[in-house]
Amino acid sequence: MTFYLRPARPLDAGTAGDILYRFQQDTVWMPKLYSSAEAICFCGLMIDRGWVTVAERDGSVLGFLARKGEEVCSLYLAPGACGQGAGKALLDAAKAETFRLTLRTFAANVGAQRFYRREGFSETGRGDGMDNEEGLPDIAYEWRTEQEVAA
């Protein structure tokens, strides 16, 4: 399937925020900490900082990836967009821009763990939830290019 990847624009904050908010609301184990407006504001801030790339098809945003340097801060897909390649396309684009990526995912998010391992990430540590707002145990991952691993 063909995706168009592009830098997010300010008007994408609403769609990205809705994707993030829907994940929070639709995920049983996720604490319900933020309103829809707060999620939109947060995504707008990441967009303003130039961190966000969106994947779209036929004019619809299917997901977004926010990256600050080597850190993947967020990778979320719209409901129904999982398994269509948008997440992989976003991650591949981030990999093409750096030698190393790091990220954290919640221990309860088994699907994300499978995805990141399949995409070449290795576990580098675990947290007990004391270092994230949600208070949930998490797992740190790292990906490095073959050249970086050899160095």
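Our subject is the structure that appears above.
Residues numbered from 1 in each chain as written. Predicted model: local features only at pLDDT ≥ 70, side-chain atom pairs only at ≥ 80, totals over all residues. Heavy atoms only, no water.

Structural notes on the pattern of salt bridges
Step number 1: On inspection of all chains with the given rule, the structure shows twelve salt bridges.
Step number 2: With its nearest N and O atoms 2.3 Å apart, the salt bridge here joins glutamate 97 to arginine 67. Here arginine 67 lies in strand β3 (residues 60-68) and glutamate 97 lies in the loop between α3 (86-95) and β5 (100-106), a separation of 30 residues in the sequence.
Step number 3: Under the relative-accessibility criterion, arginine 67 is labelled buried at 18%.
Step number 4: Here the salt bridges share partners, and the residues they tie into one network are Glu70, Arg100, Glu142 and Arg144. (Salt bridge = Lys/Arg side-chain N within 4 Å of Asp/Glu carboxyl O. Helix = DSSP H or I, 4+ residues; strand = E, 2+ residues; numbered from the N terminus. Buried < 20%, exposed > 50% of the residue type's maximum accessible area, 1.4 Å probe, protein only.)

Quick look at unusual backbone geometry
Step number 1: Although it is not a glycine, aspartate 58 adopts a positive phi angle of roughly 55°.
Step number 2: When you line up the elements, aspartate 58 lands in the loop between β2 (52-57) and β3.

Description of the packing of helix α1 (residues 13-26) against helix α2 (residues 36-48)
Step number 1: Put simply, α1 and α2 touch, their axes get as near as 7 Å, and they point 125° apart. Accordingly, the angle class assigned to the pair α1 and α2 is oblique. Regarding α1 and α2, the two cross each other, and that crossing is right-handed. Contacts between α1 and α2 pair Ala13, Gly14, Ala16, Gly17, Asp18, Leu20 and Tyr21 from the former with Ser36, Ala39, Ile40, Phe42, Cys43, Gly44 and Ile47 from the latter. (Axes fitted to C-alpha atoms, helices over the stretch in contact; angles between N-to-C directions. Parallel < 35°, antiparallel > 145°, perpendicular 65-115°, else oblique. Left-handed = near helix turned anticlockwise from the far one by under 90°. Contact = heavy atoms within 4.5 Å.)

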